[in-house]
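Residue strings, one per chain:
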Amino acid sequence: MFFRIFRSAVVLFGCAAGTVAYAQSAAGYDSRPAAAASLYQCQPPSGGSAFRSAPGQGCVVVGAPDPTVPDPQRWLPLTAANGVISYFDQMAVKRAGPEVGVVVMRNAPAGVIRTTSGEPIRSSLKRMVLDCASSMVAVVEQTLYSKRFARGEELYTIRSPQSAHFQPAASGSVPSELMRRLCR
């Protein structure tokens, strides 16, 4: 039963093989979603009102962030050809020659897959390496979470073996869109 769930998780999130070098270099980087900024109404010395995303003297909170939506300054939504929305962490990009390391978060459809204990898997966070020279992609690591937007309990992490291979980035996929944006 556990292996069926594990296999389903791998298929559901498209876990492919990759390189270990990026996983080791990214191990110290926290790529969890950051909270979105609040909205503050401030009274500048010249009078009137000004709205800011950071607190300051004479400012009052007028809108708290939605805790379920990732920070739009950090997480860029990308839609694949199949309509699935993923979020690209713009702050986690690491370049090494023709290779670009990226982090992508995706929410799972409700109730599709569960752990052996019955807890639903609601999102995943993938570390991938894009090879700009060959238009290939490798998933280095994928962590599954109990809540949407890579929040809540880390259910388990899938790491690629050291002997993994790059795969072609399918047209219309999130990796191909990231290559279009990052490989110049």
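Residues numbered from 1 in each chain as written. Predicted model: local features only at pLDDT ≥ 70, side-chain atom pairs only at ≥ 80, totals over all residues. Heavy atoms only, no water.

Trainee: I keep staring at the side chain of Thr 115 and nothing clicks. Help me out?
Mentor: Its location among the elements puts Thr 115 in the loop between strand S7 (99–107) and strand S8 (123–131). Using a relative accessible area of 11% as the deciding quantity, one classes Thr 115 as buried. Only 3.0 Å separates the side chain of Thr 115 from the side chain of Ser 117, close enough to count as a polar contact. (Helix = DSSP H or I, 4+ residues; strand = E, 2+ residues; numbered from the N terminus. Buried < 20%, exposed > 50% of the residue type's maximum accessible area, 1.4 Å probe, protein only. Polar contact = N/O pair within 3.5 Å; in protein donor to acceptor, adjacent residues only side chain to side chain.)

Trainee: For this particular structure, what's the right way to read the nonpolar core?
Mentor: When a protein is soluble and globular, its nonpolar side chains tend to lie buried together. Formed by 15 residues in total, the largest nonpolar core has its most connected members in Val 102, Met 128, Leu 130, Leu 178 and Leu 182. The element best represented in this core is helix H3 (residues 174–182), accounting for four residues. Residues Ala 92, Met 105, Leu 125 and Ala 150 belong to the second largest nonpolar core, which totals nine residues. (Core = buried A, V, L, I, M, F, W, Y, C linked by side-chain atoms within 4.5 Å.)

Trainee: Mind showing me how you'd approach H3 here?
Mentor: Residue pairs three or four apart in sequence face the same way in an α-helix, which turns once every 3.6 residues. What H3 keeps buried is the set Val 174, Pro 175, Leu 178, Met 179 and Leu 182. Considered in projection along H3, the buried side chains sweep an arc of 140° and stay on one side of the axis. In this structure, the buried side of H3 is in contact with strand S4 (75–79), strand S5 (85–89), strand S6 (94–96), S7, S8 and strand S9 (136–147). (Arc of directions from axis to C-beta. Contact = heavy atoms within 4.5 Å.)

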